[in-house]
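Residue-level structural notes
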Amino acid sequence: MKHKLEYLLQQAVAALKTQGVLDGELVAPINLERARDSQHGDFATNLAMLLAKPAKTNPRQLAEKIIAEIPADKLISKIEIAGPGFINFFINPDSQFQIVKQIHAAGPEFGLSTIGAGKKVQVEFVSANPTGPLHVGHGRGAAYGSAVADLLQAVGFEVEREYYVNDAGRQMDILATSVWLRYLEECGEVLPFPCNGYRGEYVREIAFNLHKKSGNEYRRPVELVLEDIPADEHQGGDKEKHIDALIERAKTLLGPAQYQDVFRAGLDDILADIKDDLQAFGVSYQHWFSERLLMDNGSIQQALQRLDAAGYLYKQDGATWFASSRLGDEKDRVVIRDNGQSTYFASDIAYHMNKLDRGFDQIVNIWGADHHGYIPRVKAAMQALGADESKLKVLLVQFAVLYRGTEKVQMSTRSGEFVTLRQLRSEVGRDACRFFYVMRKSEQHMDFDLKLATSRSNENPVYYVQYAHARVCSVLRQLDEKGRERNLHLGMEHLNLLTEDQETALLTTLSKYSEVLERAAVQYEPHQLIHYLRELANQFHSYYNAHQFLVDDDKLCNARLNLICAIKQVLANALNLLKIHTPESM
RNA sequence: GCGCUUGUAGCUCAGCUGGAUAGAGCAUCGGCCUUCUAAGCCGAGGGUCGCAGGUUCGAGUCCUGCCAAGCGUGCCA
């Protein structure tokens, strides 16, 4: 409907251009909005006000000329000029009723669009280090990322969801060493645990399973393990040196093959847990992309060679630097350390080169807001690789600050003090979790009060929306219990009986659905869909309280049933998109 | 210090990219169940849109400068 009106406006502008009223070169921004106030009709445009100045006339006069050139269409019942020069469109009530038929015809497909057809988009999200279970901070990225991906798919994009697995690097060595030390404890050894190790209970479980499976195969005498290891922090030493020495010791005492076994025990177990957790949260991926793979197959070397060939690499202080400051970054960055090892950033350059090579039209990265300083250097790398940096869109998700009542909850994977996503899900339920996370704009700081979220109270708006769906189902059950049958055709014949205020408002809201979906997708803002759902549910509940659906008049009754079934369909379509259940009763 | 993000009702947040009288939920107060589920509905109160300028027909939205909060500013990942 909106697209149709925009088209008609284009026609009018084109006509005025040929008449010479408007400059032929002028680009006319067609800006059509839903009117906020029903007195202003259904749609409004500020076109005349925008074009008045270049056309050297006043807005109201120009508006009259535009209206005169808008082709007649049965969609429109009236066009008015209002205020300083708004053009207001009043939609023919008969066309408003059509939405009920359209929804019925399209069913689960209703609202989908094709604006992204033929374009490939990759969405990378969560990508948490596999050093521990996902916590509630990751949950927000998971909910937001999957919602963005699902929305893009709904409007026609070919979407690939990817998780970048940071399975290389020092953090993983710390994890492997932590597992090994806990394993030695399982074997009956007594030894201090490094304060920089991963202290979470899950590490003990991994160690327990390893011991159960492999017995004492990886056991080494404690004296050898601790011999000449620098003091830990609480002993007055340096915790970094302490843990690094322990990693080296583990590698030497176990040898490459056995170290690899322990390493894999940790990685595989945690990754399996993360996959399972996300699956249960309604999040699926097409690819799990391994950083180790990138290192092993020479991609990093290739990427650096390309940067070098483009003249962006230089050596200084024994390290290799990428001159990112020439491309907008605030300073240059090391890609190969003086000890010969490549940095995390080098992996990331290779990773993004790989993404580019896979031919996506748009690459979307969803990062925690603490990584925002990273954006300029990655964009710089893309430019240096000769790519169009606007292909990359980085969306930041602010971390949720956790409270229990008024008390702030400290979170640290290292210390093992955190609330896992799994815990949150089991307490609050998946539906409330997802709804709650996606409700807010992603870059908005979020206070997540666990006490509130875990209390199964009706304060959580997900129930409000689900209740609307359940109520429609309940009405249909009542119909059946009263021994009546729904007559779809009769109802469609008499949609014009839907003239109550609530009915008119609902028809308008239903017709907005596909517009909302498109905007939410294109702007990467799933919260817009949530707000739409609340509005629709609100209008339905008002309607429910104001009018009886199962009235004696068969025509009116069936018209109303068709309307509420349309509401149910749209609620279900949106909720399914967000991977939230649609209960038939509550 | 510099950079990014945020600042809207007592609290948590929307505000459709510059439009018409700034909106919800929670909380507070007052009403509505012998009729399709009261996890609901109806109504009331509550605002210097952080502050000060600027841009224009028109600013919560854009530009500048302050103020405040969070994050970042590693040869960590």
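The rules behind the values
- Residues numbered from 1 in each chain as written.
- Chains lettered and ligands numbered in written order.
- Predicted model: local features only at pLDDT ≥ 70, side-chain atom pairs only at ≥ 80, totals over all residues.
- Heavy atoms only, no water.
- Helix = DSSP H or I, 4+ residues; strand = E, 2+ residues; numbered from the N terminus.
- Buried < 20%, exposed > 50% of the residue type's maximum accessible area, 1.4 Å probe, protein only.
- Contact = heavy atoms within 4.5 Å.
- Areas by Shrake-Rupley, 256 points an atom, 1.4 Å probe, with all protein chains shown as cover.
- Pairing = 2+ DSSP bridges.
- Axes fitted to C-alpha atoms, helices over the stretch in contact; angles between N-to-C directions.
- Near = heavy atom within 4 Å.
- Polar contact = N/O pair within 3.5 Å; in protein donor to acceptor, adjacent residues only side chain to side chain.
- Expected span 1.5 Å × (residues − 1).

**Considerations on the overall build of chain A**
Tallying secondary structure elements over chain A gives 21 helices and 15 strands in all. Reported as C-alpha extents along the three principal axes, the dimensions of chain A are approximately 90 × 65 × 40 Å. Within chain A, the fraction of its 586 residues that count as buried is 51%. For chain A, the share of sequence-separated contacts (at least 6 apart) that also reach a separation of at least 24 residues comes to 73%. In the form shown here, chain A has an accessible surface area of approximately 26,900 Å², with 47% of it arising from carbon and sulfur atoms.

**Focus: the sheet that holds strand β7 (residues 287–290)**
What the five strands build is an open sheet, ordered β7-β6-β5-β11-β12; its pairing is parallel. Both outer strands of the open sheet, β7 and β12 (392–397), are each paired with one neighbouring strand and no more. Shown here is a sheet whose adjacent strand axes are inclined to one another by a mean of 25°, direction ignored. Looking at chain direction, strand β5 (residues 120–124) and strand β11 (residues 362–368) are connected through four bridges and run parallel. Looking at the pairing, Val121 lines up with Gln362 of β11. On the sheet, helix α9 (residues 239–280) packs against β6 (158–165) and β7 and is oriented at approximately 155° with respect to β7. Helix α13 (residues 375–384) rests against β11 and β12 of the sheet, and its axis sits at about 165° to β12.

**As for the pairing of strand β4 (residues 86–91)**
It is a general feature of regular strands that their side chains alternate between the two faces of the sheet. With five of six residues buried, β4 is to be regarded as a mostly interior element. Inspection of the sheet shows strand β2 (residues 43–45) paired to β4 by three bridges, in the antiparallel sense. Bridge pairing in β4 links Thr45 to Ile87. Bridge analysis of strand β3 (residues 76–82) against β4 gives six bridges, and the strand direction is antiparallel. Across the sheet, Ile76 pairs through a bridge with Ile91, a residue of β4.

**Details of the protein's contact with RNA strand B**
The environment of RNA strand B is formed by 63 residues, the closest being Arg36, Arg440, Tyr464, Tyr467 and Ser474. Backbone atoms, meaning sugar and phosphate, form 62% of the atoms of RNA strand B found within 4 Å of the protein. At a separation of 3.4 Å, a sugar or linking oxygen of RNA strand B approaches a polar side-chain atom of Glu330. Side-chain polar atom of Ser542 to a phosphate oxygen of RNA strand B: 2.7 Å apart, as the coordinates give it. For the surface near RNA strand B, the secondary-structure elements that each account for two or more residues are β4, β9 (319–322), β15 (446–449), α17 (461–481) and α20 (527–546).

**Here we look at the side chain of Arg140**
Relative to the assigned elements, Arg140 resides in helix α5 (residues 136–154). Polar contacts involving the side chain of Arg140 include one to the main-chain carbonyl oxygen of Gln398, which spans 2.9 Å. Look past the residues within four positions of Arg140 in its chain and what remains in contact with it is Val397, Gln398, Phe399, Tyr437, Arg440, Lys441, Ser442, Gln444, His445 and Met446.

**Some remarks on helix α6 (residues 170–186)**
In this model α6 runs 24 Å from its N-terminal to its C-terminal C-alpha over 17 residues, within 8% of the 24 Å that 1.5 Å per residue would give. With 13 of its 17 residues buried, α6 lies for the most part within the structure. Where α6 ends, the next residue or the one after it, Gly188, has phi of about 105°, a positive value.

**Some points on the sheet that holds strand β8 (residues 313–316)**
One open sheet holds the three strands; their spatial order is β8-β9-β10, and the pairing between them is antiparallel. Every other strand in the sheet has two partners, leaving β8 and β10 (333–336) as the edge strands with one partner each. When the angles between neighbouring strand axes are averaged without regard to direction, this sheet yields 45°. Where β9 lies against β10, three bridges are found, and the strand directions are antiparallel. For Thr320, the partnering residue across the bridge sits in β10 and is Ile336. Those strands touched by helix α12 (residues 344–357) are β9 and β10, and its axis lies near 80° from that of β10.

**Points about the environment of Ser474**
Of note, Ser474 is situated in helix α17. Separated by 385 residues in sequence, Ser474 and Phe89 place their C-alpha atoms 37 Å apart.

**Some points on the pairing of β8**
Note that β8 and β9 share four bridges and pair antiparallel. Note on β9: the bridge partner recorded for Tyr314 is Trp321. In this antiparallel pair of consecutive strands, β8 and β9, the connection spans two residues, and Asp317 shows a positive phi of 55°.

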